[in-house]
Amino acid sequence: QVRLVESGGGLVQAGNSLRLSCAASDRTFSTYTMGWFRQVPGKEREFVATISRSGDRTRYTDSVKGRFTISRDNAKNTVYLQMNSLKFEDTGVYYCAADQIRPWAAVPESAVGFTAWGQGTQVTVSS
């Protein structure tokens, strides 16, 4: 199983930015659809963004469109989430995940079906 390790979370004021990184452990990374998800206590894990294997296609949940950007560097086996204009409601534990089976077009806006997960990184936005 591929190992995923997130980094870059922290405590920031509303309106500021963070960039999350997720490093994968193997060189088949470029064959995975990748995603970012977030979760707060008492709620189910929420879709944030996905990116296709080559990085040419992306999808975002409505609440982050125009503020967040998902990208990937297959040479570095890493996926990123640039988060700008952060809001208090963006607070949560952010997870990266790999879908080793489905192409981007077949992946819905859901955590269901992703086959590998990182441990999560905390993002806290103060108002």
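Our structure's up above, just so we're on the same page.
Residues numbered from 1 in each chain as written. Predicted model: local features only at pLDDT ≥ 70, side-chain atom pairs only at ≥ 80, totals over all residues. Heavy atoms only, no water.

## Observations regarding the pairing of strand 5 (residues 46-51)
Next, step 1: Burial analysis of strand 5 places five of its six residues in the buried class, which makes it a mostly covered element.
Next, step 2: Taken together, the five bridges between strand 4 (residues 33-39) and strand 5 define a ladder with antiparallel strand orientation. When the sheet's bridge partners are listed, Arg 38 is paired in strand 5 with Glu 46.
Next, step 3: What sits between strand 4 and strand 5 in their antiparallel hairpin is a turn of six residues, with Gly 42 showing a positive phi close to 85°. (Buried < 20%, exposed > 50% of the residue type's maximum accessible area, 1.4 Å probe, protein only. Helix = DSSP H or I, 4+ residues; strand = E, 2+ residues; numbered from the N terminus. Pairing = 2+ DSSP bridges.)

## What to know about the layout of surface pockets
Next, step 1: Size it by volume and the largest pocket reaches roughly 220 Å³.
Next, step 2: Taken together, Arg 38, Gln 39, Val 40, Lys 43, Glu 44, Glu 46, Ser 63, Arg 67, Lys 87, Glu 89, Asp 90 and Thr 91 make up the full set of residues lining the largest pocket.
Next, step 3: Here the lining of the largest pocket is built from residues that sort into one nonpolar, three polar and eight charged. (1 Å grid on protein atoms, 1.4 Å probe; cavity = no way out; pocket = protein on both sides within 12 Å on 5 of 7 lines; lining within 4 Å. Points joined across faces, edges and corners; volume = space filled by probe spheres on them. Nonpolar A, V, L, I, M, F, W, Y, C, P; charged D, E, K, R; others polar.)

## As for the pattern of salt bridges
Next, step 1: Going through the model one piece at a time under the given rule, you end up with five salt bridges.
Next, step 2: Note that Lys 65 and Asp 62 form a salt bridge whose closest N and O atoms lie 2.9 Å from each other.
Next, step 3: We classify Lys 65 as partly exposed; its relative accessible area is 48%.
Next, step 4: The exposure class assigned to Asp 62 is exposed, which follows from its relative accessible area of 60%.
Next, step 5: A salt bridge links Asp 90 to Arg 67; its shortest N-O distance comes to 2.8 Å. Of this pair, Asp 90 sits in the loop between strand 8 (78-83) and strand 9 (92-99) while Arg 67 sits in the loop between strand 6 (58-60) and strand 7 (68-73), placing them 23 residues apart in sequence.
Next, step 6: A single salt-bridge network, built from bridges that share partners, covers Arg 38, Glu 46, Arg 67 and Asp 90. (Salt bridge = Lys/Arg side-chain N within 4 Å of Asp/Glu carboxyl O.)

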